[in-house]
Amino acid sequence: GAVVSQHPSRVICKSGTSVKIECRSLDFQATTMFWYRQFPKKSLMLMATSNEGSKATYEQGVEKDKFLINHASLTLSTLTVTSAHPEDSSFYICSAQLGTSGAYEQYFGPGTRLTVT
Amino acid sequence: KQEVTQIPAALSVPEGENLVLNCSFTDSAIYNLQWFRQDPGKGLTSLLLIQSSQREQTSGRLNASLDKSSGRSTLYIAASQPGDSATYLCAVTGANSKLTFGKGITLSVRP
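Treat the numbers as computed from the prediction; the structure is a model and nothing was measured.

**Description of the packing of aromatic side chains**
- For the structure on display, the rule yields 8 aromatic pairs over all chains.
- Judged by centre distance (5.6 Å) and plane angle (65°), the rings of Phe 28 of chain A and Tyr 107 of chain A are edge-to-face. Taken together, the residues Phe 28 of chain A in the loop between strand 3 (19–25) and strand 4 (32–38) and Tyr 107 of chain A in strand 10 (residues 106–108) connect sequence positions 79 residues apart.
- Phe 28 of chain A gets classed as buried once you look at its relative accessible area, which sits at 13%.
- Site record: aromatic cluster; members linked through ring pairs are Phe 34, Tyr 36 and Phe 108 of chain A together with Phe 36 and Phe 101 of chain B.

Structural data, given as structure tokens:
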């Protein structure tokens, strides 16, 4: 089956620093990758959609200058949380999809727990 | 805007019971519906995916049904076990190709 990895699985950083999270599709080429955020006891909220080689499309209310997304290859997307603050602490999950259509299944990574102190 | 609702938010049942988890969605223009399992502090495990043209899917003790016209899906778990304790999330892929998740149902199966 399709495998998606995320690194790191857990990160603690100080307020004001930047953190990069990697999402990799290990056994398939992902035309589209998605980034989600999950607050405690809440649903997953889509942050942005990225297509390889294109700029990411951000959902309403998500600051694109704060959450930098790069999808430089068909197997790697990165999310950089810039100038992190405690309110950015959350569980971040990526997913990868073979094509751009919603008919393709999204395969999810294991998530990254970010804690900003 | 698509909305996905899962009620109740939590459910506790004794081991061995058959149970049904419900999911409803407001926009029937979907590509597919998926059920996921999430253990505390962990990522998502895909359980079943039902394409919009399908009525149900089965995997082991799990059976998911889809009634697209009424905007409803159910996840049936047969002979529940303590290891089934987790949060179960329902999500639909809309015409915009985006997944919309429900808030999940936290299931506790008592030994």
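**Some words on the layout of surface pockets**
- In this structure, the largest pocket encloses a volume near 1,400 Å³.
- If you trace the largest pocket, you find 50 residues lining it, with Lys 42, Ser 43, Leu 44 and Met 45 of chain A together with Phe 101 of chain B closest to the centre.
- Going through the elements one at a time, strand 4 and strand 5 (44–51) of chain A together with strand 1 (4–5), strand 9 (86–94) and strand 10 (99–101) of chain B are the ones with two or more residues in the lining of the largest pocket.
- Each residue belonging to the lining of the largest pocket can be placed in one class, and the counts come to 19 nonpolar, 16 polar and 15 charged.

**Points about the side chain of Thr 49 of chain A**
Residues and elements named next belong to chain A.
- Following the sequence through the fold, Thr 49 ends up in strand 5.
- Given the relative accessible area of 14%, Thr 49 is considered buried.
- Each residue touching Thr 49, except ones within four places of it in the same chain, is listed here: Thr 32, Met 33, Phe 34, Ala 56 and Thr 57.

**Focus on the state of the cysteines**
- Applying the stated rule across the entire model yields 2 disulfides over all chains.
- Shown here is the disulfide that connects Cys 23 of chain A with Cys 94 of chain A, its sulfur atoms set 2.0 Å apart. Taking the sign of the torsion about the S-S bond as the criterion, the disulfide between Cys 23 of chain A and Cys 94 of chain A, at about 80°, is right-handed. Of this pair, Cys 23 of chain A sits in strand 3 while Cys 94 of chain A is found in strand 9 (residues 90–97), placing the two residues 71 residues apart along the sequence. For the pair shown, Cys 23 of chain A and Cys 94 of chain A are each scored as buried.
- Two residues share a disulfide in this structure: Cys 23 of chain B and Cys 90 of chain B, whose sulfurs sit 2.0 Å from each other. An S-S torsion of about -65° defines the bridge between Cys 23 of chain B and Cys 90 of chain B as left-handed. Taken together, the residues Cys 23 of chain B in strand 3 (residues 19–25) and Cys 90 of chain B in strand 9 connect sequence positions 67 residues apart.
- Here Cys 13 of chain A stays free of any disulfide, with the sulfur of Cys 94 of chain A as its closest cysteine sulfur at 18 Å.

**Some words on the interface of chain A and chain B**
- Of the residues lining the interface, 19 residues belong to chain A; the matching set on chain B comes to 20 residues.
- Summed over both sides, the interface of chain A with chain B buries roughly 1,500 Å², with 53% coming from carbon and sulfur.
- Remark: the boundary between chain A and chain B carries 1 salt bridge.
- Notably, a salt bridge pairs Glu 59 of chain A with Lys 98 of chain B, separated by 2.6 Å at the nearest N-O pair.
- Residue contributions to the side of chain A that touches chain B peak at 3 residues, all from strand 4 of chain A.

**Overview of the sheet that holds strand 8 (residues 72–77) of chain B**
Residues and elements named next belong to chain B.
- Spatially, 1-3-8-7-6 is the arrangement adopted by the 5 strands of the open sheet, whose pairing is antiparallel. Every other strand in the sheet has two partners, leaving strand 1 and strand 6 (56–59) as the edge strands with one partner each.
- Sheet analysis places strand 6 next to strand 7 (residues 62–67), joined by 4 bridges and oriented antiparallel. Along strand 7, the bridge assignment pairs Thr 58 with Asn 63.

**Some points on the environment of Glu 15 of chain B**
Residue and element names in this part refer to chain B.
- Summarising the element assignment, Glu 15 is placed in the loop between strand 2 (10–14) and strand 3.
- Judged by its relative accessible area of 46%, Glu 15 falls in the partly exposed class.
- Linking Glu 15 and Ser 80, residues 65 residues apart in sequence, is a C-alpha distance of 5.5 Å.
- Those residues within four positions of Glu 15 in sequence are excluded, and the remaining contacts are Ser 80, Gln 81, Pro 82, Val 109, Arg 110 and Pro 111.

**Observations concerning the sheet that holds strand 8 (residues 76–81) of chain A**
Residue and element names in this part refer to chain A.
- Within the open sheet, the 4 strands sit side by side as 1-3-8-7. Their pairing is antiparallel. Bordering the open sheet on either side are strand 1 (4–7) and strand 7 (67–73), each of which pairs with just one other strand. The mean angle between the axes of side-by-side strands here comes to 15°, regardless of whether they run parallel or antiparallel.

The rules we used
- Residues numbered from 1 in each chain as written.
- Chains lettered and ligands numbered in written order.
- Predicted model: local features only at pLDDT ≥ 70, side-chain atom pairs only at ≥ 80, totals over all residues.
- Heavy atoms only, no water.
- Phe/Tyr/Trp six-rings, centres within 6.5 Å; stacked < 30°, edge-to-face > 60°.
- Helix = DSSP H or I, 4+ residues; strand = E, 2+ residues; numbered from the N terminus.
- Buried < 20%, exposed > 50% of the residue type's maximum accessible area, 1.4 Å probe, protein only.
- 1 Å grid on protein atoms, 1.4 Å probe; cavity = no way out; pocket = protein on both sides within 12 Å on 5 of 7 lines; lining within 4 Å.
- Points joined across faces, edges and corners; volume = space filled by probe spheres on them.
- Nonpolar A, V, L, I, M, F, W, Y, C, P; charged D, E, K, R; others polar.
- Contact = heavy atoms within 4.5 Å.
- Disulfide = S-S within 2.5 Å.
- Buried area = accessible area lost by both parts, 1.4 Å probe.
- Salt bridge = Lys/Arg side-chain N within 4 Å of Asp/Glu carboxyl O.
- Pairing = 2+ DSSP bridges.
- Axes fitted to C-alpha atoms, helices over the stretch in contact; angles between N-to-C directions.

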